[in-house]
Amino acid sequence: MIIAANQPYFLPYIAYWQLINLADVFLIGDNYAYMKHGWVNRNRILERGKDAFFGIEIVQKSVNRYINETQVKKTLFPKKLKTLVHNYAKAPYFEQGYALMERIFANSETNLSRFLEFSIREICSYLGITTKIGHTSDFVGNNKFKREERVYDFCHRLGGDIYVNPIGGQKLYHFDEFRRRNITLKFIKSESRPYKQFNNEFVPGLSILDIIMFNPVETIQEMLQEYSFIEAPVK
């Protein structure tokens with residue numbers, strides 16, 4: 001069984017969805033500390049041919065709270081939809097992307113983790129991703145462990161023998177340590193193709209929303225398979 005986990009992010013880039021799609025179970029890290037100036041409540045979209053931040057506001061930001069203890073400030077949502085109109089109205093799949101964001105912003109949930117989970121599930125549905133989604137908070141006592149020990153714990157509880165992590169975790173997790181726990185560790189490396197963004201020079205690494213605005217679902221589903229693994233060398 002393949003297990004993957006990550007904090008809930010707002011409209012993350014394609015590698016996040018590749019990670020969810022390849023897993024049998026994907027865990028939302030809802031009882032991890034909220035990080036200021038991170039990617040939990042913001043991402044990047046295209047604005048006048050360049051990347052620009054696009055996010056949701058938080059009530060009383062604090063690193064002393066878990067993500068599932070943090071609240072969303074929703075008063076600017078109508079303005080954010082106007083921002084999407086301004087920047088993407090002429091994109092070929094604007095209607096689909098805009099309708100998706102209307103549904104996400106119409107959600108009455110103010111808890112940050114649950115709001116982000118709703119957005120993740122909506123985008124998974126749009127892309128045809130059927131992976132089972134759970135939460136790290138479902139595992140009582142898991143948050144008492146250290147970082148990598150949390151992973152060992154929920155993998156063992158779920159019966160997972162493969163754990164796939166984003167490529168940024170290479171300095172945090174080590175193949176031998178996972179092997180000692182009878183878990184195969186892999187890192188996913190996204191290799192998604194460039195795509196046309198109006199007539200501008202391609203800006204990589206933007207939110208999944210940018211991909212949705214410029215590509216049909218069938219093409220995005222192909223992109224979900226465009227990755228490789230970094231694995232431990234065979235001994």
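Here we summarise the structure given alongside this text. Here the residue numbers are simple positions, counted from 1 along each chain's written sequence. In view of the model being predicted, local features appear only for residues whose pLDDT reaches at least 70, and side-chain atom pairs are presented and counted only at 80 or more, with totals across whole chains, interfaces and linings using the full set of residues. Here the side-chain values reflect all heavy atoms present in the structure, with hydrogen atoms and water set aside.

On the basis of which strands lie adjacent, the open sheet formed by 6 strands has the order E7-E2-E1-E8-E9-E10 and mixed pairing. In the strand order of this sheet, the two ends are held by strand E7 (132-135) and strand E10 (227-231), each with one partner. On average, each strand axis in the sheet is inclined to that of its neighbour by 30°, with strand direction left out of account. Two elements, strand E9 (residues 184-190) and E10, share 5 bridges in a ladder whose sense is antiparallel. Considered in E10, the bridge of lysine 186 is made with glutamate 231. Pairs of residues are marked as contacts when any of their non-hydrogen atoms sit within 4.5 Å. Each axis is a line fitted through C-alpha atoms, taken for helices only over the stretch in contact, and angles between the N-to-C directions span 0 to 180 degrees. Runs of E in the DSSP output that reach at least two residues are strands. Runs of H or I that reach at least four are helices, and both are numbered from the N terminus. Contacting strand E2 (25-28) and E7, helix H4 (residues 112-127) runs over the sheet at an angle of about 170° to E7. Strand pairing is assigned whenever DSSP identifies at least 2 bridges connecting the two strands.

Here the focus is unusual backbone geometry. The residue asparagine 182 is not glycine, and still its phi comes out positive at about 60°. Mapped onto the elements of the fold, asparagine 182 is located in the loop between helix H6 (175-180) and E9. Phi is positive for phenylalanine 198, which is not a glycine, with a value near 55°. Mapping phenylalanine 198 onto the fold places it in the loop between E9 and helix H7 (208-214). Given a relative accessible area of 26%, phenylalanine 198 falls into the partly exposed group. A simple rule labels every residue: compare its accessible area, found with a 1.4 Å probe on the protein chains alone, to the largest value its type can have, and call it buried under 20%, exposed over 50%, or partly exposed in between.

Further remarks concern the pattern of salt bridges. Pairing between side chains becomes possible if they bear opposite charge and their charged atoms approach one another. For this document, the term salt bridge refers to a Lys or Arg side-chain nitrogen within 4 Å of an Asp or Glu carboxyl oxygen. For the structure shown, the criterion picks out 12 salt bridges. Lysine 80 is the partner of glutamate 57 in a salt bridge, and the nearest nitrogen-oxygen pair spans 3.4 Å. Of the two residues, glutamate 57 sits in strand E5 (residues 57-59) while lysine 80 sits in helix H2 (residues 77-88), which places them 23 residues apart along the sequence. Put simply, arginine 103 and glutamate 122 hold a salt bridge, and the shortest N to O gap is 3.0 Å. One end of the pair, arginine 103, is in helix H3 (residues 94-106); the other, glutamate 122, is in helix H4, with 19 residues separating them in the sequence. On the accessibility criterion, arginine 103 (39% relative accessible area) is partly exposed. Within this structure, Glu177, Arg180 and Arg181 form a network of salt bridges that share partners.

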